[in-house]
Amino acid sequence: MGIESSKYMDGEGGPVAYIAQRTQVGRAKAITGNKAGTTKLEVKLPPKATPVAVEDYEFIKSSLVNLLLFSRLDRGTAQKIVSHMYMLPVAAGDILIQQGDTGDAATKLFVVRSGKFEVLERRKDVMFKVNTKERADVFGEISLMYDCPRSATVAATTEASVFVLERDVFRHFVQASVEDEKGQIQLFLNSVPLLSSLRADEKMKLVDAFVEDSFDAGARVIVEGDVGDKFYIIKEGEAQVVQGEKEVNRLFRSDFFGEQALLQDEPRRATVRALSPLVCLSLDRRTFVAVLGPLQDIMAKEKSPEVVNQRMAKLKPQGSAAHRRPTAEVLIKYDSGRRTITCDGHLDEVVELRRGGQKMTDEHRDADKQLVMVEGELLGEGAFSRVCRVAEESTGRVFALKRMAKSAALQCPEHVFCEQHITRNIAHPFCLRQYASFKDKCHLYMLFDLMPGGDLMDVLVAEAKVIKYPVADKNSLRKGCLAPKMKMWQGMEEPMSRFYVASIVLALEYLHDNGIAFRDLKPENVLIDGQGYAKLGDFGFAKQVEAGGRTYTFCGTPGYVAPENVMGRGYNHSVDWWTLGVLMYVLLTARQPFTSPKTQDPMEVMRRIVDDRWPIKYPPYMSDEARDLISKLLERKPVKRIGMLQGRARDIKEHPWFVDFDWEGLAARRMDPPRKPKDADSSKRKAELAEAHRAEPREPTNVTPQQMAEWDRVFRDF
Ligand code: ADP
Ligand code: MG
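Parameters and conventions
Residues numbered from 1 in each chain as written. Chains lettered and ligands numbered in written order. Predicted model: local features only at pLDDT ≥ 70, side-chain atom pairs only at ≥ 80, totals over all residues. Heavy atoms only, no water. UniProt positions renumbered as here; feature names shortened; annotations may be inferred. Near = heavy atom within 4 Å. Polar contact = N/O pair within 3.5 Å; in protein donor to acceptor, adjacent residues only side chain to side chain. Areas by Shrake-Rupley, 256 points an atom, 1.4 Å probe, with all protein chains shown as cover. Helix = DSSP H or I, 4+ residues; strand = E, 2+ residues; numbered from the N terminus. Salt bridge = Lys/Arg side-chain N within 4 Å of Asp/Glu carboxyl O. Buried < 20%, exposed > 50% of the residue type's maximum accessible area, 1.4 Å probe, protein only. Phe/Tyr/Trp six-rings, centres within 6.5 Å; stacked < 30°, edge-to-face > 60°. Lys NZ or Arg CZ within 6 Å of the ring centre and 35° of its normal. Axes fitted to C-alpha atoms, helices over the stretch in contact; angles between N-to-C directions. Left-handed = near helix turned anticlockwise from the far one by under 90°. Contact = heavy atoms within 4.5 Å. Nonpolar A, V, L, I, M, F, W, Y, C, P; charged D, E, K, R; others polar. Core = buried A, V, L, I, M, F, W, Y, C linked by side-chain atoms within 4.5 Å. Domains from an automatic or database assignment. Donors = N, O, S within 2.8 Å, 3.2 Å for Na, K, Ca; no water. Pairing = 2+ DSSP bridges. Parallel < 35°, antiparallel > 145°, perpendicular 65-115°, else oblique.

Looking up the protein chain in an unreviewed UniProt entry gives the name cGMP-dependent protein kinase, with the organism given as Volvox africanus. The record in UniProt for the protein chain states the following under Cofactor (unreviewed entry): "Mg(2+)". A UniProt comment under Sequence similarities (unreviewed entry) is attached to the protein chain, and it reads "Belongs to the protein kinase superfamily. AGC Ser/Thr protein kinase family. cGMP subfamily."

(A) Summary view of the site of ligand 1. S385, K402, D455, E524 and D538 are the nearest of the 20 residues found near ligand 1. S385 places a side-chain nitrogen or oxygen 2.5 Å from an oxygen atom of ligand 1. Separating an oxygen atom of ligand 1 from a side-chain N or O atom of N525 is a distance of 2.9 Å. Protein chains bury 95% of the 560 Å² of accessible surface belonging to ligand 1 in isolation. Going through the elements one at a time, β21 (370–381), β22 (385–392) and β23 (398–405) are the ones with two or more residues in the shell around ligand 1.

(B) Here's a closer look at the pattern of salt bridges. Under the criterion given, the structure shown has 44 salt bridges. Notably, a salt bridge pairs E58 with K61, separated by 3.2 Å at the nearest N-O pair. Residue E58 and its partner K61 are both found in helix α3 (residues 57–64); the two are separated by three residues, about one turn of the helix. Relative accessible area serves as the criterion here: at 48%, E58 is assigned to the partly exposed category. In this structure, the salt-bridge partner of E654 is R650, at a minimum N-O distance of 3.6 Å. Classification of E654 by relative accessible area gives exposed; the value is 55%. Taking the relative accessible area as the measure of exposure, R650 reaches 45% and is therefore partly exposed. Three or more residues joined by partner-sharing salt bridges are found here, namely K29, E381, R386 and E696.

(C) Expanded view of the packing of aromatic side chains. As enumerated under the stated definition, the model contains 26 aromatic pairs in all. Aromatic side chains F438 and Y445 sit 5.5 Å apart centroid to centroid with 25° between the ring planes, which places their arrangement in the stacked category. Since its relative accessible area comes to 0%, Y445 is described here as buried. Connected via pairs of aromatic rings, a cluster forms that spans F430, F499, Y500 and Y533. Between the NZ or CZ atom of R135 and the centre of the ring of F59, over which it lies, the distance is 3.7 Å. K653 extends its terminal NZ or CZ atom over the ring of W663, reaching a point 5.7 Å from the ring centre.

(D) Main features of the packing of helix α18 (residues 574–589) against helix α20 (residues 624–633). Packing of α18 against α20 leaves a shortest axis separation of 8 Å and a crossing angle of 145°. Considering only the axes of α18 and α20, their crossing is left-handed. Where α18 abuts α20, its residues W577, W578, L580, G581, M584, Y585 and L588 lie against A626, L629, I630 and L633. Its residues assigned to classes, the contact of α18 with α20 shows ten nonpolar, one polar and no charged.

(E) Representation of the nonpolar core within the structure. In terms of nonpolar packing, the biggest core is built from 109 residues, with F70, Y500, L536 and V566 touching the most fellow members. For this core, the element with the most residues is helix α16 (residues 494–513), which contributes twelve residues. In terms of domain composition, this core takes at least three residues from each of domain 1 (50–173) and domain 3 (321–449 + 682–714). Not counting the four nearest positions on each side in its chain, V566 is found in contact with L68, L69, M145, F554, V561, M606, I609 and V610.

(F) Region of the structure containing unusual backbone geometry. Even without being glycine, A590 reaches a positive phi, approximately 60°. In this fold, A590 is placed in the loop between α18 and α19 (602–610). Looking at A590, the relative accessible area reads 3%, which means it is buried. The phi angle at N702 is positive, at roughly 55°, despite the residue not being glycine. Counting through the fold element by element, N702 comes out in the loop between α23 (679–692) and α24 (705–714). Under the relative-accessibility criterion, N702 is labelled exposed at 73%.

(G) Here's a closer look at the coordination of the magnesium ion (ligand 2). On the protein side, the magnesium ion (ligand 2) has N525 (OD1) and D538 (OD) as donor atoms, found 2.1 to 2.2 Å from it. Residue N525 is located in the loop between β28 (516–517) and β29 (526–528), and its partner D538 is located in the loop between β30 (534–536) and β31 (543–544); the two are separated by 13 residues in the primary sequence.

(H) Quick peek at the pairing of strand β25 (residues 443–449). Counting buried positions along β25 gives seven out of seven residues, so the element sits mostly inside the fold. The pairing of β23 with β25 spans seven bridges and is classified as antiparallel. Looking at β25, one finds that L401 is bridged to L447. In this sheet, β25 lies alongside strand β24 (residues 434–439) in antiparallel orientation, the contact comprising five bridges. If you follow S437 over to β25, its bridge partner there is M446. If you look at the hairpin formed by β24 and β25, you'll find three residues sitting between the two strands.

(I) Highlighting the environment of M671. Looking at the secondary structure, you find M671 in the loop between α22 (663–667) and α23. Residue M671 is classed as buried on the basis of its relative accessible area of 18%. Residues M671 and F499 lie 172 residues apart in sequence; the distance between their C-alpha atoms is 9.3 Å. If sequence neighbours within four positions are ignored, M671 has contacts with F499, Y533, F661, D662, G665 and L666.

(J) Representation of the packing of helix α4 (residues 75–83) against helix α5 (residues 167–190). Relative to each other, α4 and α5 sit at 155°, their axes nearing to 9 Å. The orientation of α4 with respect to α5, classified from their angle, is roughly antiparallel. Crossing angle aside, the handedness with which α4 passes α5 is right-handed. For the pair α4 and α5, the contacting residues are T77, K80 and I81 in the first and V169, F170, F173, V174 and S177 in the second. A class-by-class count of the residues in the contact of α4 with α5 yields five nonpolar, two polar and one charged.

This is how it looks when you write it as structure tokens:
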């Protein structure tokens, strides 16, 4: 413990830097990568650009090979990507990228082909030269992932030229290669009789568990008589099966061997030797059992109907008119003015809202077609929206109203439709409830339960404190003196964070059982109700992911995103268990595991997230159980992550950190929340927020009729 804790204090500039980090747990805004799917690919060459010449392919590949995003690409994919790049001449003195540029200007990576460039950063209106770039240098990697403003200006100081890679091109080919590879493995799996009792979604899970093993020509992959625990599928090359001295078979691509090892310890019945360089996909029994449970059990079990799919069907949009929400009118009153917006809220619910939950008669039903909402204080904001308190005028019942500008929602309309649809259909005590959704000319609205306790970040800021902790370093131990006490920040006490983490586990378990990945878990998106219970809010990135399916959009919040999300090779709800690990770390320590005051560069944070060798540092006051659970959630390989194993969420519930925890009591809301919400928790933040937006115009200015028409078209069905 002593050495570990002193290492911890030494890391990243010692205790002073660490203390300064309290502000580092500042509110973070979500980001997302792409507008639409990347299935169709169109590359439009800008004027003056020319396709890359074939003789330049090797040069470009060798310039890119050290980048994080290229580190796991196979040769074929890298080749396809490079062949879809283009060459762009840049005249001396021209600015290639401008600091602050966003949108289309910030979706490209550049490799310098010739000439020299200067990298300039504007600080307080003065331009500083921070770097130079020349042949083979690369810049703009982060723009292959998501929209973020260019952090510097790059200008040519000589005649120059660059090779350009567009984000869509990159993501298209990475996605295609993954689909292809996974599809191949799945095909292979379908041909193994021993695995025929697996359901399709179980096979999909296995696909992710395979690893590649390579063998030189002549090497023995398995040896007759040895007890083995691995099963192999040939991906490339040729092998020979030998019993005794005799060759009994030849094996080629998609042939498999050693599958009995998945069942039990049994001596291999033959030797398999590589006849050429051999690439196999392999799976060992331990991994198999961790992912799916013992194969014997699966074979014995009768094929059950796909429960998950059934549940999902329940959440799918219901086509029949009975389930569609009829249109009603909503008036929102703000300041002293008044304006009308049209609401497509479910009429029954609108009436019910109006009547404060009283029983309705048919009379009421006809009379109450209008709902009047009076807008109150600003409750919070995210990257895409503002949330206000509103009161229904006739009953005084209060709600939270989330408002999104259509102009912002246009960045990825799919996200808002998912949010609307998912929050309308889920029902769980720890998930925020949506009552109605509606729109006006420029905005989309959703009406939610009001959560008067603010969000979990408010709670953390209120609870975080400086403690003095004895840190035994080598010197004090040697001298036999008392360990010096170091000042350090601590987040919440463990029992309190246990309560919140447990509530989120239940909410995520419910969502995952219903095929929904949440994708943006962080304290700002966990809300606190009047009694002090936590609920998941902000389903802005939530998405229905079919059992066994995967999704590719890069989205989440820097510092929280999971490695599989960063790499763009497809992921599913596994990302939620990772982000739970980050959230738990943040709650306990008041800092983030992968960021620090010295790492402002998001690309560096991403690199740490993906890099197996980058160690997560745990503060000395954290219990061993908490540390263990966090490290199992922050497992970089999704198939090995707790929550993704055969026991699913149950494995987390049964982890020693939760020993004696009353899960049933929590689920039934019979537990006393550890902390009653206080007004002071969020009052300062809200006051600052109100101040920041005081003079802001409500309606966007300079909207063209064409834009308006586009908004109408895209959001017609909201
Ligand atoms: P975004 O999708 O833009 O991130 P959120 O739904 O996360 O928007 O809302 C932004 C902030 O508003 C939250 O972090 C929280 O502080 C506050 N907030 C959201 N919903 C509610 C609610 N129902 N009750 C109280 N505060 C809320
Ligand atoms: Mg949010």
